[in-house]
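Chain by chain, the residues:
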Amino acid sequence: MKFFVVESDWEELSEEAYSNGRRKSILPFLEFIKTINPSFGFAFKTANTEQELRYCLKKFFDMKQLEEKYILVFSGHGKQGTFIIGTGEEEKELTLEKLSEICASIDKNIFKNTVVHFDSCSVFRASVKKLNDFKDKTNAETLMGFSKKVEFVDSCALELMLFEDLLTSNKDIFTTLQRFYDNNEGLCEKNQFNWMKYNK
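Colleague: Sorry if this is basic, but what is going on with the side chain of Ser-169 here?
Modeller: With respect to the helices, strands and loops of the structure, Ser-169 is situated in the loop between helix H6 (152-168) and helix H7 (173-183). There is a polar contact of 2.6 Å between the side chain of Ser-169 and the side chain of Thr-176. If we skip the residues at most four places from it in the chain, Ser-169 touches Thr-176 and Arg-179.

Colleague: Even after reading the chapter, I still don't get the sheet that holds strand E5 (residues 82-85), so can you show me in this structure?
Modeller: Strand pairing in a sheet relies on backbone hydrogen bonds. The paired strands run either parallel or antiparallel. Read across the open sheet, the 3 strands follow the order E4-E5-E6; overall the sheet is antiparallel. Whereas interior strands pair on both sides, the edge strands pair on one side only; in this sheet they are strand E4 (78-79) and strand E6 (92-95). In this structure, E5 lies alongside E6, joined through 4 bridges in antiparallel fashion. For Ile-84, the partnering residue across the bridge sits in E6 and is Glu-93. Sheet strands in contact with helix H4 (residues 96-106) are E5 and E6, and its direction is about 85° off that of E6.

Colleague: Honestly, the packing of aromatic side chains in this entry has me stumped. Any pointers?
Modeller: Here a ring pair, both rings aromatic, is described through the centre-centre distance and the interplanar angle of the planes. Applying the stated criterion across every chain, the model contains 16 aromatic pairs. Here Phe-60 and Tyr-70 contribute two aromatic rings whose centre-to-centre distance is 5.4 Å and whose plane-to-plane angle is 80°, an arrangement assigned as edge-to-face. Of the two residues, Phe-60 is situated in helix H3 (residues 50-64) and Tyr-70 in strand E3 (residues 70-75); the sequence distance between them amounts to 10 residues. Here the two residues Phe-60 and Tyr-70 agree in accessibility, since each one is buried. An aromatic cluster is defined as three or more aromatic residues linked by ring pairs; in this entry it consists of Phe-4, Phe-60, Tyr-70, Phe-74, Phe-83, Phe-111, Phe-118 and Phe-134. Across the ring face of Trp-195, the terminal group of Lys-197 is positioned such that the distance to the ring centre comes to 4.1 Å.

Here is what the cut-offs are and how they apply
- Residues numbered from 1 in each chain as written.
- Predicted model: local features only at pLDDT ≥ 70, side-chain atom pairs only at ≥ 80, totals over all residues.
- Heavy atoms only, no water.
- Helix = DSSP H or I, 4+ residues; strand = E, 2+ residues; numbered from the N terminus.
- Polar contact = N/O pair within 3.5 Å; in protein donor to acceptor, adjacent residues only side chain to side chain.
- Contact = heavy atoms within 4.5 Å.
- Pairing = 2+ DSSP bridges.
- Axes fitted to C-alpha atoms, helices over the stretch in contact; angles between N-to-C directions.
- Phe/Tyr/Trp six-rings, centres within 6.5 Å; stacked < 30°, edge-to-face > 60°.
- Buried < 20%, exposed > 50% of the residue type's maximum accessible area, 1.4 Å probe, protein only.
- Lys NZ or Arg CZ within 6 Å of the ring centre and 35° of its normal.

Here you go:
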């Protein structure tokens, strides 16, 4: 199982600050996991416009032909049922419906055998219908994410253990996620971590 991460900018920075590396990013976190678990394979892309997002998704779909199982991570700001790309005047809100349309435009089975994780605040506070529609339109195996505004460190602590469990488990995804929740109930409740607990 490998990870494919699409990250949008977390903050608007001056050109000087950006070039000096003063920006928030999930990349150091991914590299840290790689240092403690060399089997952790990941691809990291950035997308701050719809065009860039489509490019990243096409790259994912091409890579997916060579690897059966993936975790696709959308990383960036979010709010109820909405993933946000870009910052400042370039910011664009993508509802789950719009995001699913973009994904499905690449291929209707783009997320077959793929778990989609929203590393974003509150995206999972959408209605069950909207989550189901996203899952059905993209053929994702399941979805997971946070139902509240989370702190960066808290969510990273949870994801560090979660990604490790996903890498090492020999169980199906639903058994793995339930076991993870049972073993880390306090942290999951604190972050309101949720997933779709069935597969049609």
